[in-house]
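Analysis of the macromolecular model
Next come the chains, spelled out residue by residue.
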Amino acid sequence: MLDQIACPRDLRGLDDDQLDRLADEIRGFLVAKVSRTGGHLGPNLGVVELTLALHRVFDSPTDKIVFDTGHQAYVHKIVTGRADGFDALRQEGGLSGYPSRAESEHDVVENSHASTALSYADGLAKAFVIRRDNRHVVAVVGDGALTGGMAWEALNNIAAAKDSKLVIVVNDNGRSYTPTVGGLAQHLASLRTDPRYEEVLERVKTRLVRTKLVGPPLYDTLHAIKRGLKDALAPQGLFEDLGLKYIGPVDGHDRPALEVALGQARNFGGPVIVHVITQKGRGYAPAENHEEDRLHSPGAFDPQTGALLAPAVAEWRDVFRDELVKIGADRDDVVAVTAAMTYPTGLDGFATANPERTFDVGIAEQHAVTSAAGMAMAGLHPVVAIYSTFLNRAFDQVLMDVALHRCGVTFVLDRAGATGDDGPSHNGMWDMSILQVVPGLRIAAPRDASRLRDLLREAVDVDDAPTVVRIPKGMVTADLEAVDVVGADRLDVLARSRRADVLMVAVGPMAGPALDAAGLLEAQGVGVTVVDPRWVKPVSPDLLDLARGHRLVATVEDNGRVGGCGAALHLALSDAGIDVPLVAFGLPQQFLPQAKRAALLTGAGLSGPHLASDVAAALAALDRPAHSAHEAATDRR
């Protein structure tokens, strides 16, 4: 059946038996493909029937379908003609793991940050009204995304746009990554756990099928069930108090019932909520039985058992996990805060040991940060573990709620720098630029496991300012020991030559490539000092003193070059009147495509050979004043 589907219109000629076989084939296809490449398996197994129903009821790409978040769009990709691309899913040059406008006209938004789809959909629907364009907009929103405040801001505005042809599908599986948390989650869970759940689904389905009316009369017909049996079980009151019409709950794996509900929502002519109950990991026993996250986003695995194929290796988050547990045992004032990322960030160990001191706030980064500020004001020391790219969403709270009040909050930014497989929205390459502007905030960049342990403890010892510890994704590297420690700030010197030609400032995990470059330069007769400042913000006066004794300073960081550590050091040198040229190496200020971390770093010139070549060119340019060292390095790249 799958070979017959090249576009959504091919679905409309299939009968029920064919559609059921197609759903089974899609699940088998997903398991087979994702088992080789890794990817978001559990969420997509749960939306097979829903996606088929959406594309049979709505006319994509004329009608717009927006997913929140986009990791549940694999089935959408399959039925829009991209099944052949799944062999290279999330690989360099291959199919994106999220919607991609470059891939298909059926993809509207390249969204992988949660709680945004309703705002996109609101804008699209309003534009269609103004342009008198008779098109529908569908926002498929996971219940986890509804834990984000932006979703509720959008709902408030959508409810006031009575003419918007906007259908909101709440994909309620009780989970974002792990079980969804918060009052809303408990409200939705009351439906799934009530013993009358199956009876409700059947009665709603029967009433929907029997009702032939459309538009407002439909809702009068359904009034009894909405205010009667359903009122005790379903959360429609939550939405109808906002002025939104509500249909549901609908069994998300009963495709005919879904098509009826979606068709009636489409015909209403205004904003409608369709509440769909789905099962994450549906149809694949290893996912259904995986309690942690229903195989949300596994690496390569055995399709027969679901067991991961890669051997267990120590990752950066594992080191953080173990050390935070030890810190929590030593200090009862330390608490942990996360935004629906307990397992992915490594907070699960602390949560197991200290459940009463662990707070998962749902996908609500802004709330997480300001709540942490409140805890700090009351004498606790919060450790907020979050992906680097997601901290962008809470910058105002870091600046005005934490830093302004000199709150002792430690932010541990996982997946900092180039992350790779999840594409441009997940690269954590912005944090050191954004956070440079925050007064009083300190940033630590550990180069290895030992430094991560040390710097994490140093960070939580600071109780009068925010601190940040940033760690990359993936396997932790071998420890790189210092050959010397200099200055009051205890900068680690990793390599030193008799000649003081180049001071290479290595930021965090860039210490390895910097040492490789130093070795190559030494072979060319260039003297290199490699230093790891450990704390990269603020710029240490000891680092300025080191720079004063060298011909050239080169900074190496896995952050965007604009406004990063190199830029901060350049400004500090200028302010101090130290006339030493500086060349800054970092990630280009672009949205980087998906690829492995190593490939992205190499492509950005952040490998030992590239750095050595560029530094040599910059040194040579010092003898040609009209051509700056920075220009020479840029030319070489």
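Structural notes, computed from the coordinates. All of these numbers come straight from a predicted model, not from anything done at the bench.

This paragraph deals with the overall build of the chain. From N to C terminus, the chain includes 27 helices and 18 strands. By residue count, 60% of the 637 residues in the chain fall in the buried class. Excluding contacts between residues fewer than 6 apart, the proportion of contacts in the chain whose partners are at least 24 apart in sequence is 76%. Carbon and sulfur atoms make up 51% of the accessible area of the chain, which totals about 24300 Å².

Buried residues dominate strand β1 (residues 64-68), accounting for five of its five residues. Here β1 shows no split at all, with Lys 64, Val 66 and Asp 68 on one side and Ile 65 and Phe 67 on the other all buried. Note: β1 against strand β2 (residues 137-142), five bridges, orientation parallel. Paired with Phe 67 across the bridge in β2 is Val 140.

Running from amino to carboxyl end, helix α1 (residues 16-37) crosses helix α4 (residues 74-82) at an angle of 110 degrees, the nearest separation of the two axes being 11 Å. With respect to α4, the axis of α1 lies roughly perpendicular. Contact residues: Ile 26, Phe 29, Leu 30 and Val 34 in α1; Tyr 74, Val 75, Ile 78 and Val 79 in α4.

The full count for this structure, using the stated rule, is five cavities of 30 Å³ or more. Empty space within the second largest cavity amounts to approximately 90 Å³. Those elements that provide at least two residues to the lining of the second largest cavity are β16 (535-537) and α24 (565-575). For the lining of the second largest cavity, the element with the highest residue contribution is α24, accounting for three residues. For the lining of the second largest cavity, a count of residues per class yields eleven nonpolar, two polar and no charged.

Moving on, we get to the nonpolar core. Leu 22, Ile 26, Leu 30, Leu 41, Leu 54, Leu 262 and Val 274 are the most contacted members of the largest nonpolar core, which has 53 residues in total. With eight residues, α1 is the single largest residue contributor to this core. Filtering out sequence-adjacent residues up to four positions away, Leu 41 remains in contact with Leu 30, Val 31, Val 34, Tyr 284, Leu 295, His 296, Pro 298 and Phe 301. Ranked by size, the runner-up nonpolar core spans 36 residues in total, among them Val 361, Ala 394, Leu 413 and Val 507.

For the rest of this paragraph, the subject is the pairing of strand β11 (residues 467-470). Neither face of β11 is exposed, since Thr 467 and Val 469 on one face and Val 468 and Arg 470 on the opposite face are all buried. Both strand β9 (residues 410-414) and β11 contribute to a ladder of four bridges, which runs parallel. Across the sheet, residue Val 412 finds its bridge partner in β11, namely Val 469. Note: strand β10 (residues 442-444) against β11, three bridges, orientation parallel. The partner of Ile 443 across the bridge, within β11, is Val 468. Handedness of the β-α-β unit built from β10, helix α21 (residues 449-460) and β11 comes out right-handed.

Strand order in the open sheet formed by seven strands is β7-β6-β8-β9-β11-β10-β16, with mixed pairing between adjacent strands. Looking along the sheet, the strands with just one partner apiece sit at the ends: β7 (358-360) and β16. Looking at each pair of strands side by side, their axes are set apart by 25 degrees on average, direction ignored. Its contacts with the sheet place α21 against β8 (381-387), β9, β10, β11 and β16, and it is angled at close to 165 degrees to β11.

Strand order in the open sheet formed by six strands is β12-β13-β15-β14-β17-β18, with mixed pairing between adjacent strands. This sheet does not close on itself; its edge strands, each paired only once, are β12 (484-486) and β18 (582-587). Geometrically, the sheet is characterised by an average inter-axis angle of 25 degrees between neighbouring strands, direction not taken into account. Here strand β14 (residues 502-506) pairs with strand β15 (residues 528-532) via four bridges, running parallel. Looking across to β15, one finds that Val 505 is bridged to Val 531.

A word on the layout of surface pockets. Considered as a void within the structure, the second largest pocket measures approximately 350 Å³ in volume. Among the residues making up the lining of the second largest pocket, the classes are represented as eight nonpolar, eight polar and four charged.

A few words now on the packing of aromatic side chains. Within the structure shown, the criterion is met by five aromatic pairs. What links up through ring pairs into an aromatic cluster is the set Phe 29, Tyr 74 and Phe 86. The side chain of Arg 442 reaches across the aromatic face of Trp 535, ending 4.2 Å from its centre.

Two side chains that carry opposite charge are able to pair once their charged atoms sit near each other. Evaluated as defined, the whole model comprises 40 salt bridges. A salt bridge links Glu 291 to Arg 294; the nearest nitrogen and oxygen atoms lie 3.3 Å apart. Glu 291 sits in the exposed class, given a relative accessible area of 53%. Arg 294 gets classed as buried once you look at its relative accessible area, which sits at 17%. In this structure, Arg 496 engages Asp 484 in a salt bridge whose closest nitrogen and oxygen atoms are separated by 2.9 Å.

Quick look at unusual backbone geometry now. Cis geometry is found at the peptide bond from Gly 248 to Pro 249, where omega equals 0 degrees. Considering the arrangement of structural elements, one finds Pro 249 in strand β4 (residues 245-251). Along the chain, Lys 537 connects to Pro 538 via a cis peptide bond; the corresponding omega equals 0 degrees. Locating Pro 538 in the fold gives a position in the loop between β16 and α23 (541-548). Even without a glycine there, the phi angle at Ala 340 is positive, about 65 degrees. With respect to the element layout, Ala 340 can be found in the loop between β6 (334-338) and α16 (348-353). Despite not being glycine, Arg 490 has its phi angle at roughly 55 degrees, a positive value. Mapped onto the fold, Arg 490 is located in the loop between β12 and β13 (491-495).

Thresholds, definitions, all that
Residues numbered from 1 in each chain as written. Predicted model: local features only at pLDDT ≥ 70, side-chain atom pairs only at ≥ 80, totals over all residues. Heavy atoms only, no water. Helix = DSSP H or I, 4+ residues; strand = E, 2+ residues; numbered from the N terminus. Buried < 20%, exposed > 50% of the residue type's maximum accessible area, 1.4 Å probe, protein only. Contact = heavy atoms within 4.5 Å. Areas by Shrake-Rupley, 256 points an atom, 1.4 Å probe, with all protein chains shown as cover. Pairing = 2+ DSSP bridges. Axes fitted to C-alpha atoms, helices over the stretch in contact; angles between N-to-C directions. Parallel < 35°, antiparallel > 145°, perpendicular 65-115°, else oblique. 1 Å grid on protein atoms, 1.4 Å probe; cavity = no way out; pocket = protein on both sides within 12 Å on 5 of 7 lines; lining within 4 Å. Points joined across faces, edges and corners; volume = space filled by probe spheres on them. Nonpolar A, V, L, I, M, F, W, Y, C, P; charged D, E, K, R; others polar. Core = buried A, V, L, I, M, F, W, Y, C linked by side-chain atoms within 4.5 Å. Right-handed = clockwise from strand over helix to strand, strands pointing away. Phe/Tyr/Trp six-rings, centres within 6.5 Å; stacked < 30°, edge-to-face > 60°. Lys NZ or Arg CZ within 6 Å of the ring centre and 35° of its normal. Salt bridge = Lys/Arg side-chain N within 4 Å of Asp/Glu carboxyl O.

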